[in-house]
Amino acid sequence: MDTLEARVVDILAAQALLDPASLRASDDLAELGLDSLGLVDAIFAIEEAFGISVPFNANEPDAQDFDISTVGSVVAGVRRLVAARD
Amino acid sequence: MPRVVLTGAGTVNALAHDVPGTLAALAAGQSGIGPLDIRDAGRLTIRIGAQVKGWPGLPGMTAREAALWDPFTRFAIAAADQAVAMSGLAPADLAAAGVILGTAAGGISTWEDNYRAVFAEGKDRVPPLVVPRLMQNAAPAHVSIRHGLRGPSFSVSSACASASHAIGLAFRDIREGRARVILAGGAEAMLVFGGIKAWEGLRVLSPDGCRPFDADRNGMVMGEGAAVFVLEDADHAAARGARALAEIAGFGMTSDAGDIVAPSAEGAAAAMHLALTDAGMQPGDLGYVNAHGTGTLANDRAEAQALRAVLGAGAAAVPVSSTKGAHGHAIGATGALELLACIAALRDGVLVPTTGCRVVAPDMGLDVVTETARHAQPGAALSNSFAFGGTNAVLALRAV
């Protein structure tokens, strides 16, 4: 796990009130207990942490170019946005 | 028609963080007014207020709740928790209950903090919970969620009359049979830089203290906090053995339809008349009036004129006090805080003093309770609230 992944996992785990070490890349965010407010809070924290803007609209969670279904998909999305930023 | 009684009360304000402490402080003539301890106080012209200090906050508040609850919501929740606990209401009664709370500024500190972030600090994003945190109905919403109240929940905003309007609406709903239990009151947390700076502009704030009806009064002093009451159908309360603090017997509301800020004695008097008529009372029944009594030149003069018109020849025989020199002018919460003084009068036989008033201005023509509390057993009382917008809300209460 690299630094970027660790930071994203820490943010998601904090919102889900879980130990970061217990999260797996395949974990479904809804099943981790992240509700809609938790998700937007996590996205806010990710934007603040990485200085990026995440294209996510709660009305169309599946329509954007940012997959929030699993821990791994969020990490991959953040990685792409960070690369595009740099 | 059902009678409506108060079976629970709670408060957080500058005097104390509960009802017994507040009643004791009011009776003792204490004042919660002091130097403001807020961000950028040094840039304010007015640097005093009745600020809630030393309050430990809500026990067990989670990080998510802290992110969601503006200070005005926290005050409301604390007051509602106390009121529900005092009432002893069962979950089934609470499930059928509603909550109506007054506020003028809602989550103003949330507006302020986030405007600072985006305007002053150049940030391009704000936390996701800003909207549900600052909305005016955040306070009743969280009281509803916390206590499982599934009846109506909404906020009322009529500046300095907000809480009295909220309590009056709740009273009417119960008396007219639409509900048996409603929580009502007000919450305000406007003691932030922008809130005070805005009031400074009106030139109605005193730089040195609140002295209602005093010959030397020179303005109002802002306060903050909340008071929430459980209003209940009297038969419902009696059937479950609940003790009533007092009865709300009538409510009157009018508008001046005149100036946006200058008070009108006629509008105020009309609201008092309506409240008395609604309660089936005569002016001579009144043994106490809790005045709006802001300590401004204009309010106190107009209110005294209105009281003289309503009370007629008996005006000099009805004790009147204002408690704004004690808890400050808590704006949208103030009518609820002041109802506590009516409970002191009707339940405890204590007419609390007008803290800050030493020498009553000669043109008042009222029996203002000054310096120390008086002991009497009034059977009925009025609580006056008047507001910018020319809106007037008056509650009539009876001892039980």
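Residues numbered from 1 in each chain as written. Chains lettered and ligands numbered in written order. Predicted model: local features only at pLDDT ≥ 70, side-chain atom pairs only at ≥ 80, totals over all residues. Heavy atoms only, no water.

K.L.:
Sorry if this is basic, but what is going on with the sheet that holds strand E6 (residues 181-188) of chain B here?
P.N.:
Residues and elements named next belong to chain B. As summarised here, the arrangement of the 11 strands in space is E5-E4-E6-E7-E1-E8-E15-E14-E9-E10-E12, forming an open sheet in which the pairing is mixed. Two strands lie at the open edges of the sheet, namely strand E5 (153-156) and strand E12 (367-368), each paired on one side alone. Bridge count between strand E9 (residues 288-290) and strand E10 (residues 319-321): 2 bridges; the pairing is parallel. Of the residues in E10, the one forming a bridge with Val289 is Val320. Strands in contact with helix H12 (residues 297-311) are E9, E10 and strand E14 (380-387); relative to E14, the strand with the most contacts, it is inclined by about 140°. (Pairing = 2+ DSSP bridges. Helix = DSSP H or I, 4+ residues; strand = E, 2+ residues; numbered from the N terminus. Contact = heavy atoms within 4.5 Å. Axes fitted to C-alpha atoms, helices over the stretch in contact; angles between N-to-C directions.)

K.L.:
It is not clear to me how the side chain of Glu232 of chain B should be interpreted in this structure. Could you clarify?
P.N.:
Residue and element names in this part refer to chain B. Checked against the element boundaries, Glu232 lands in strand E7 (residues 225-233). Separated by 3.4 Å, the side chain of Glu232 and the backbone nitrogen of Ala237 make a polar contact. In this structure, Glu232 is in contact with Arg3, Val4, Val5, Thr7, Leu89, Ile174, Arg180, Val181, Ala237 and Arg240, ignoring residues within four places of it in sequence. (Polar contact = N/O pair within 3.5 Å; in protein donor to acceptor, adjacent residues only side chain to side chain.)

K.L.:
Would you explain the pattern of salt bridges in this entry?
P.N.:
If charged atoms from side chains of opposite charge come close, those side chains can pair. The full count for this structure, using the stated rule, is 24 salt bridges over all chains. Between Lys123 of chain B and Glu48 of chain A there is a salt bridge, with its nearest N and O atoms 2.9 Å apart. One end of the pair, Lys123 of chain B, is in the loop between helix H5 (108-120) and helix H6 (130-134); the other, Glu48 of chain A, is in helix H2 (residues 36-50), on a second chain. Overall, the relative accessible area of 33% leaves Lys123 of chain B in the partly exposed class. Given the relative accessible area of 35%, Glu48 of chain A is considered partly exposed. Linking Arg125 of chain B and Glu48 of chain A is a salt bridge whose minimum nitrogen-to-oxygen distance equals 3.0 Å. Of this pair, Arg125 of chain B sits in the loop between H5 and H6 while Glu48 of chain A sits in helix H2, which puts the two residues in different chains. One salt-bridge network, in which partners are shared between bridges, spans Glu47 and Glu48 of chain A together with Lys123 and Arg125 of chain B. (Salt bridge = Lys/Arg side-chain N within 4 Å of Asp/Glu carboxyl O. Buried < 20%, exposed > 50% of the residue type's maximum accessible area, 1.4 Å probe, protein only.)

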